[in-house]
Amino acid sequence: MIAFQNVSKIYSEHASALHDITFKIDPNEFVSLVGKSGAGKSTVLKLLIGEENPTKGRVIFGSYEVSKIKMSALPRLRRHIGVIFQDFRLLPNRNAYENVAFALEVAGYPQSEIDELVPQALHMVGLGNRMKNFPSELSGGEKQRVAIARAMIHRPEVIMADEPTGNLDPFNKWEIIKLLEKINQLGTTVILATHDKDIINNLGRRVITLDAGRVIRDEEKGKFILV
Amino acid sequence: MFTVLFRITKYGFQNFARNGLLSAATIGVMIIALTVFLSINLSHYIMETALIAVKDKIDISVYFKTTAPEDEMLRLKRSLEGLVEVKDVEYISRDKALQLFKDKHESDATINQAVSELGENPLSASLNIKAFDPKQYAAISEYLSDNALNSLVDKVTFAQNQTVIERLSLIIDTLQKGGLVLTAFLSVVAGLVIYNTIRLAIYSNREEIGIMRLVGASNTFIRGPYVFAGILYGVIAAAVSMILAAPAVFFVSPYLDVFVPNLNFKNYFLASLPVLMLYQLALGIALGAVSSYFAMRKHLRV
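Scoring rules and cut-offs
- Residues numbered from 1 in each chain as written.
- Chains lettered and ligands numbered in written order.
- Predicted model: local features only at pLDDT ≥ 70, side-chain atom pairs only at ≥ 80, totals over all residues.
- Heavy atoms only, no water.
- Helix = DSSP H or I, 4+ residues; strand = E, 2+ residues; numbered from the N terminus.
- Buried < 20%, exposed > 50% of the residue type's maximum accessible area, 1.4 Å probe, protein only.
- Contact = heavy atoms within 4.5 Å.
- Areas by Shrake-Rupley, 256 points an atom, 1.4 Å probe, with all protein chains shown as cover.
- Salt bridge = Lys/Arg side-chain N within 4 Å of Asp/Glu carboxyl O.
- Nonpolar A, V, L, I, M, F, W, Y, C, P; charged D, E, K, R; others polar.
- Lys, Arg positive; Asp, Glu negative; His and termini not counted.
- Phe/Tyr/Trp six-rings, centres within 6.5 Å; stacked < 30°, edge-to-face > 60°.
- Patch = residues over 30% accessible without salt bridge, like charges linked within 9 Å, V, L, I, M, F, W, Y side chains within 5 Å.
- Axes fitted to C-alpha atoms, helices over the stretch in contact; angles between N-to-C directions.
- Parallel < 35°, antiparallel > 145°, perpendicular 65-115°, else oblique.
- Pairing = 2+ DSSP bridges.
- Right-handed = clockwise from strand over helix to strand, strands pointing away.
- Expected span 1.5 Å × (residues − 1).

Asks: I keep staring at the overall build of chain B and nothing clicks. Help me out?
Replies: Counting secondary structure elements, chain B contains 11 helices and four strands. Counting all 302 residues of chain B, 38% fall into the buried class. Taking contacts inside chain B between residues at least 6 apart in sequence as the whole, the part at least 24 apart equals 82%.

Here it is as C-alpha cells:
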C-alpha cells in the first residue's frame, strides 16, 4: 500500500511543487497521475523513491515510511519499485541483455538466476531476438521496452512510469501501454504519470489529477480533465 | 559476498578501461606525485649518509698537561665512557701522539730535525671523544670543565669548535624538519590534484551512477568499482614511478658517491627495492582509494 498524507514539497519561497496532498494506492491498482507540466507529477514519483524528501507530511510505502527513511535503507526500498522514464536511461555501452541484467547484478542475484530471468523478461517485452543489440541500434519503442524489462526484472511490487510514451510514435505508445497493463494483470501496482489524453481516456482506470501541486480530482474510472 | 566482490572488481576494470584518457591522466598525476615522494625518500637516505659522515668528523679533544699522570688520564677516559652521551673515547698517549706527528710529517726533514733536537717529547696526551649526537657535545664539555680536572687538563677543543658544532646541529635539525614539512605539504597537494582528477572521471559516469541508484544498488556497490579503479591507478603509478626512477638512480649514483663519503647509492637502491616498492604501492593505493572514496560522496547523497 502507498499513502501520501498531507504532503507538501516546497523548494523555496517562490518554488513549491506540492501542497498538502493526500491519497492512497492499494496493491495491484493501475493509477494514472495526470496534470500539466509542473503540476507535481514527477515530484510525487521522486518522493516515492526517496529521491526527494517532503517538506511536510508522510509518504508511506508498505512497511517503509519513505519520508523518514535512512540513506542506508534506500537501496532496499528501491528494489521494491521499478522505474521507467521518458528518456529510457539505458547504459549506452551495454547491450539490451546487459542493461536488464545490470538491475539484478547490483541487487546481488546469482549469475545462474540472471541467465534464466533476463531472457524471459526480454521475450516478454518482445525483444527476444534483440538481446545483443546496443541502445544505439534500437528504436525508441525498443529502448523503452528494454527499460520496462529492466524495471520489472526483479519482480517489484510497484512499477512507476514517468511519461514513458513521451518520446514514442503512436504505434509504440500503445505497445508500451499494453505492456504496462499486462504487468499490472500479473499483480504489480502501476503508477503512470502522463499528460497524454488518449491514453488516459482509453485506459478507463483510476486517475489522480494534479494542478499546481494540488490534487484536484481522484476518480476510480477517470477521464482526462485538467480543469 | 564473493559475487558482490567479483562484480565490483569487474565494474572497476570496466570503468578503468572505458575512461581510458581520464585513467591515463589520473595515473600521470599520480606518477608525478609518487616520483616526488620517492625522490624525498631517496634524498632522505643521501642526507642521512652525508650527515653521519659529517657527524663522524665532529669530536671533542681533551689535551692533558704534560705532567698529568697516565692513570689519572685513563681514569678520566673510563668515567667519560660511563656517560650516556658518549659514543666512543680514544686515548692517545704522548708517545703515540709523537709517533703520529712523525708519521704525518715523515717527508718534512725540517720538522723531523726540529723534533729530534728538542730531546724530549713536547706533545701532550689527549682524549678524542665522540658523542652520539652533535647536540650532546655541550654537555660533555660541561662535564670536562669541572674544577677538579684543572690540574689535569690543559685545554678542551670544544670551545673552539662550538660555533661550528652548533651550526651543524642546527642545519641537521632544519633539514630533517624541512623534509617532514615538505612531505606533508606535497601529500596534501598530490591528494587534492588526484581527488579532482578522479572526480572528473566520476562526473563523466554520473548517468551510470544515477541508473545504479535507481535500480537499488547499495552505496558499497556504487562506490566499490570506483575505489577499485582508484587502487588500480595507484598500483600502476607506483610501478611506473619505480621503473622511471631506476635509470635515474643508476645515472646519478657515480656522481653522488664521489660527493658524499660512504655513499653507495645504486647498491642502496637495489637493496631497498622491495621496501621502496612497498612504500610506493602503499601511498599510491591510499591516494587512489581515499580520493575515489571521497570523490564519490557527492553522488551518493540522493
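Don't stop here, the text continues.
Asks: Looking at this structure, how should I read the overall build of chain A?
Replies: A tally of regular secondary structure across chain A gives seven helices and 10 strands. Looking at chain A residue by residue over its 227 residues, the buried ones come to 54%. Within chain A, residue pairs in contact and separated by at least 24 positions form 66% of the contacts whose partners lie at least 6 positions apart. Accessible area of chain A: about 10,000 Å², with a carbon and sulfur share of 48%.

Asks: Sorry, what's going on with the pattern of salt bridges here?
Replies: For side chains of opposite charge, pairing can occur when their charged atoms come near one another. Applying the stated criterion across every chain yields a total of 15 salt bridges over all chains. Close ionic contact of Lys-77 of chain B with Glu-81 of chain B constitutes a salt bridge, the shortest N to O distance being 2.9 Å. Taken together, the residues span about one helical turn, with Lys-77 of chain B and Glu-81 of chain B both in helix H3 (residues 70-81) at a distance of four residues. Accessibility expressed as a relative area gives 39% for Glu-81 of chain B, which makes it partly exposed. Three or more residues are tied together by salt bridges with common partners; here these are Glu-29, Arg-206 and Asp-218 of chain A.

Asks: Help me understand unusual backbone geometry, please; the structure alone is not making it clear to me.
Replies: Most peptide bonds adopt trans geometry, and most residues besides glycine take a negative phi value. Residues and elements named next belong to chain A. Phi is positive for Asp-20, close to 50°, though the residue is something other than glycine. Its identity as a non-glycine residue notwithstanding, Arg-155 has a phi of 50°, on the positive side. Examined against the element boundaries, Arg-155 turns out to sit in the loop between helix H5 (140-152) and strand E7 (158-162).

Asks: Would you take a moment to explain the interface of chain B and chain A for this structure?
Replies: Accessible area lost during the coming together of the parts is what is often quoted as the interface size. Between chain B and chain A, the residue contacts involve 19 residues of the former and 25 residues of the latter. Taken together, chain B and chain A are joined by two salt bridges. Between Glu-105 of chain A and Lys-10 of chain B there is a salt bridge, with its nearest N and O atoms 3.4 Å apart. For the side of chain B that touches chain A, the secondary structure elements donating two or more residues are helix H1 (2-18) and helix H8 (206-214) of chain B. Tallied by class, residues from the side of chain B that touches chain A come to nine nonpolar, four polar and six charged.

Asks: Can you walk me through the side chain of Asp-162 of chain A in this structure?
Replies: Residues and elements named next belong to chain A. The topology assignment puts Asp-162 in strand E7. Arg-89 provides the closest opposite charge to the buried, salt-bridge-free Asp-162, at an N-O distance of 6.5 Å. For Asp-162, the contacting residues outside a window of four places in its chain are Ser-42, Leu-45, Ile-84, Phe-85, Gln-86 and Ala-193.

Asks: What is the right way to look at the packing of aromatic side chains in this model?
Replies: Aromatic ring pairs are described here by two measures, namely the spacing of the ring centres and the angle between the planes. Residues and elements named next belong to chain B. Summed over all chains, the structure comprises nine aromatic pairs over all chains. Considering the side-chain rings of Phe-250 and Phe-269, the 6.5 Å spacing of their centres and the 90° angle between planes classify their relative orientation as edge-to-face. You can see Phe-250 sitting in helix H9 (residues 219-259) and its partner Phe-269 sitting in helix H10 (residues 265-271), a full 19 residues away along the chain. A relative accessible area of 37% means that Phe-250 is categorised as partly exposed.

Asks: Sorry if this is basic, but what is going on with a nonpolar patch on the surface here?
Replies: The grouping of Phe-185, Val-189 and Val-193 of chain B at the surface amounts to a nonpolar patch, some 250 Å² of accessible area in total. By the element assignment, Val-193 of chain B lies in helix H7 (residues 158-203).

Asks: Just to check I follow, could you spell out the packing of helix H3 (residues 96-106) of chain A against H1 of chain B for this structure?
Replies: For any two helices packed against each other, the geometry is given by the interaxial angle and the distance between the axes. With their axes 11 Å apart at the nearest point, H3 of chain A and H1 of chain B run at an angle of 135° to one another. For the element pair H3 of chain A / H1 of chain B, the angle class is oblique. The residues of H1 of chain B that touch H3 of chain A, namely those facing Phe-102, Leu-104 and Glu-105 of chain A, are Arg-7, Lys-10 and Tyr-11 of chain B. Counted by class, the contact of H3 of chain A with H1 of chain B contains three nonpolar, no polar and three charged residues.

Asks: I would appreciate a short explanation of the sheet that holds strand E2 (residues 15-25) of chain A in the present structure.
Replies: Sheet strands associate in pairs through backbone hydrogen bonding, adopting either a parallel or an antiparallel arrangement. All names here are of chain A. Ordered in space as E2-E1-E4-E5, the four strands form an open sheet in which the pairing is antiparallel. Two strands in the sheet have a free side with no partner beyond their single neighbour: E2 and strand E5 (64-65). Looking at chain direction, strand E4 (residues 56-61) and E5 are connected through two bridges and run antiparallel. Within the sheet, the bridge partner assigned to Ile-60 lies in E5 and is Glu-65.

Asks: What exactly am I supposed to notice about the sheet that holds strand E6 (residues 81-85) of chain A here?
Replies: Residue and element names in this part refer to chain A. Judged by pairing direction, the sheet is mixed, and its six strands sit side by side in the order E6-E7-E8-E3-E9-E10 without closing on themselves. Each having just a single partner strand, E6 and strand E10 (214-219) make up the two edges of the open sheet. Direction aside, the axes of adjacent strands within the sheet are offset by 15° on average. Relative to strand E8 (residues 189-194), strand E3 (residues 30-34) runs parallel, the two sharing five bridges. Each residue of the ladder has a partner; that of Ser-32, found in E8, is Leu-192. Each of E6 and E7 touches H5; the most contacted strand, E6, lies at about 165° to it. Its contacts with the sheet place helix H6 (residues 170-185) against E3, E6, E7 and E8, and it is angled at close to 155° to E8.

Asks: Explain the pairing of E7 of chain A to me, please; I cannot follow it from the model alone.
Replies: A regular strand places its side chains on the two faces of the sheet in alternate fashion. All names here are of chain A. Counting buried residues in E7 gives five out of five residues, a clear majority hidden from the surface. Going residue by residue along E7, you find Val-158, Met-160 and Asp-162 tucked away on one face and Ile-159 and Ala-161 tucked away on the opposite face as well. Sheet analysis places E6 next to E7, joined by five bridges and oriented parallel. Looking at E7, one finds that Ile-81 is bridged to Val-158. Read from E7 through H6 to E8, the crossover connection turns out right-handed.

Asks: Help me out: how do you make sense of the side chain of Asn-184 of chain A in this one?
Replies: Residues and elements named next belong to chain A. Along the chain, Asn-184 falls in helix H6. Take Asn-184: its relative accessible area is 6%, and that puts it in the buried class. Among all residues touching Asn-184, those that are not within four sequence positions of it are Asn-28, Glu-29, Phe-30, Thr-189, Val-190 and Arg-205.

Asks: Mind showing me how you'd approach helix H4 (residues 111-124) of chain A here?
Replies: In an α-helix, one turn spans 3.6 residues; hence positions three or four apart end up facing the same way. Taking 1.5 Å per residue, 14 residues should reach 20 Å; H4 of chain A reaches 20 Å between its end C-alpha atoms and fits that length. Ile-114, Leu-117, Val-118, Pro-119, Ala-121 and Leu-122 of chain A are the residues of H4 of chain A that are buried. At its buried positions, H4 of chain A is contacted by H3 and H5 of chain A together with H1 of chain B. Positive backbone phi, at 80°, marks Gly-126 of chain A, one or two positions downstream of H4 of chain A.

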